[in-house]
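Each chain is listed here by its residues.
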Amino acid sequence: MTVSILKVARIGHPVVRTAAQPVPAAEIASPAFQRLVDDMVATMHEYEGVGLAAPQVHVSLRLAVIEVPASDERSIEAVPLTVLVNPVVTPVGEERLTAWEGCLSVPGLRGMVPRFARARLEARDRDGRPYIADASGFFARVIQHECDHLDGRVYLDRMDDLRTLSFLRELHRFGPDAHNEEGS
Ligand code: NI
């Protein structure tokens, strides 16, 4: 089976700022939906992202994929390929951590973003089976980033200090902790 690399929508395109619709349960098994999941995974890999939400590929559905490769050189933990259908993320506790984020819809930029340190994810997998994951660290961060996309939000909206917003090239040149950032 062939997969397609999908065009990524950037900020300014209305689909990035539109709240996405739930995936109807009856459609999860359809070839079209399964193809979309495969294409999103291929697109995420192509652009070396660690996450991708359907609105970022011009599909306004509550669907996202996440994968953090184990071979990653940064000091962040690996996350296996995870498909999030109709995800609900709930913060656990009050602790927040601030770290670099990037986004394929905001190319070339990174910013410091506060996120809840722990979060509970309730979603369905690509076969429609419900699952729950208690996430912490980078996984919790990526979940919150992707679920924001499904509500039409990007990480810029979550920044509390826009002065950290940096072009990647300058960040690599001047940023002391520039190793720990990724796009999604
Ligand atoms: Ni993003």
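In what follows, the structure referred to is the one given above.
Quantities reported herein were computed from a predicted structural model and do not represent experimental measurements.

> What is the right way to read the sheet that holds strand 3 (residues 79-91) from this model?
As a general point, the strands of a sheet are linked pairwise by backbone hydrogen bonds and lie either parallel or antiparallel. Taken together, the five strands give an open sheet; going across it, the order is 1-2-3-6-7, and neighbouring strands pair in antiparallel fashion. Each of the sheet's edge strands pairs with one partner strand only, and the pair in question is strand 1 (51-53) and strand 7 (130-136). Direction aside, neighbouring strands of the sheet carry axes that sit 40° apart on average. With three bridges joining them, strand 1 and strand 2 (residues 63-68) adopt antiparallel strand pairing. Pairing of Ala 53 across the sheet is with Ala 64, part of strand 2. Along the sheet, helix 1 (residues 31-46) contacts strand 1, strand 2 and strand 3; its crossing angle with strand 2, the most-contacted strand, is approximately 40°. Its contacts with the sheet put helix 2 (residues 137-150) on strand 1, strand 2, strand 3, strand 6 (118-124) and strand 7, and the angle it makes with strand 7 is roughly 120°.

> Just to check I follow, could you spell out the environment of Met 159 for this structure?
Summarising the element assignment, Met 159 is placed in the loop between helix 2 and strand 8 (166-167). Using a relative accessible area of 10% as the deciding quantity, one classes Met 159 as buried. Between the C-alpha atoms of Met 159 and Glu 48, which are 111 residues apart in sequence, the distance is 23 Å. Leave out the neighbours within four places in its chain, and Met 159 touches Gly 111, Met 112, Val 113, Pro 114, Thr 164 and Leu 165.

> What should I look at first to understand helix 1 in this one?
For an α-helix, 3.6 residues make a turn, and residues three or four places apart therefore share a direction. End to end, helix 1 covers 22 Å across 16 residues, agreeing with the expected 22 Å (1.5 Å per residue, within 8%). Restricting attention to buried positions, one finds in helix 1 the residues Phe 33, Gln 34, Leu 36, Val 37, Asp 39, Met 40, Val 41, Ala 42, Thr 43 and Met 44. Looking at the buried side of helix 1, the elements it contacts are strand 1, strand 2 and strand 3. Of the residues one or two after helix 1, Glu 48 is the one with positive phi, at around 55°.

> I keep staring at the pairing of strand 3 and nothing clicks. Help me out?
When a strand is regular, its side chains alternate between the sheet's two faces. As paired strands, strand 2 and strand 3 are joined by five bridges and run antiparallel to one another. Considered in strand 3, the bridge of Leu 63 is made with Val 85. As paired strands, strand 3 and strand 6 are joined by five bridges and run antiparallel to one another. Across the sheet, Val 88 pairs through a bridge with Glu 122, a residue of strand 6.

> How should I be thinking about the pattern of salt bridges in this particular structure?
A side chain of one charge can pair with a side chain of the opposite charge when the charged atoms of the two come close. With the rule as written, the count across this model stands at 14 salt bridges. The partner of Glu 101 in a salt bridge is Arg 141, with the nearest N and O atoms 2.8 Å apart. Taken as a pair, Glu 101 in strand 4 (residues 96-101) and Arg 141 in helix 2 lie far apart in primary sequence, 40 residues in all. Note on Glu 101: relative accessible area 3%, which makes it buried. One salt bridge connects Arg 153 with Asp 148, and the closest N-O pair in it is separated by 3.6 Å. Overall, the relative accessible area of 6% leaves Asp 148 in the buried class. A cluster of three or more residues bridged by salt bridges with shared partners is formed by Arg 62, Glu 101, Arg 115, Arg 141, Asp 148, Asp 151, Arg 153 and Arg 158.

> Explanation requested: the packing of aromatic side chains in the structure shown.
Pairs of aromatic rings are described using the distance from one ring centre to the other and the angle between the two planes. On inspection of all chains with the given rule, the structure shows zero aromatic pairs. The lysine or arginine in question, Arg 96, covers the ring of Phe 116, its NZ or CZ lying 4.2 Å from the ring centre.

> Which parts of the structure should I look at to understand the sheet that holds strand 5 (residues 109-116)?
The antiparallel open sheet is built from three strands, whose spatial order is 4-5-8. In the strand order of this sheet, the two ends are held by strand 4 and strand 8, each with one partner. Relative to strand 5, strand 4 runs antiparallel, the two sharing six bridges. Residue pairing in the sheet places Arg 96 in a bridge with Phe 116 of strand 5. On top of the sheet, helix 2 reaches strand 4 and strand 5; it is set at about 105° to strand 5, its chief contact.

Calculation notes
- Here, residues in each chain are numbered from 1, in the same order as that chain's written sequence.
- This being a predicted model, a pLDDT of at least 70 is required before a residue's local features are given, and a value of 80 or more before pairs of side-chain atoms are given or counted; all residues contribute to the totals for chains, interfaces and linings.
- Only heavy atoms go into the side-chain values, all of them from the structure, while hydrogens and water stay out.
- Criterion used throughout: strands pair if DSSP finds at least two bridges between them.
- Labels follow the DSSP assignment, with helices taken as runs of H or I lasting at least four residues and strands as runs of E lasting at least two, numbered in each case from the N terminus.
- Lines fitted to C-alpha atoms define the axes here, with helix axes fitted over just the stretch in contact, and angles between the N-to-C directions of these axes take values from 0 to 180 degrees.
- Pairs of residues are marked as contacts when any of their non-hydrogen atoms sit within 4.5 Å.
- Residue exposure (1.4 Å probe, protein chains only): buried if accessible area is under 20% of the type maximum, exposed if over 50%, otherwise partly exposed.
- An expected span of 1.5 Å times one less than the residue number is assigned to each helix.
- Salt bridge criterion: a side-chain nitrogen from Lys or Arg within 4 Å of a carboxyl oxygen from Asp or Glu.
- In this analysis, rings of Phe, Tyr and Trp, with Trp reduced to its six-membered ring, are considered paired at centre separations within 6.5 Å, and the interplanar angle assigns stacked below 30 degrees, edge-to-face beyond 60, and tilted for intermediate values.
- Here, over-ring charges are defined by two tests on the NZ atom of lysine or the CZ atom of arginine: distance to the ring centre within 6 Å, and angle to the ring normal within 35 degrees.

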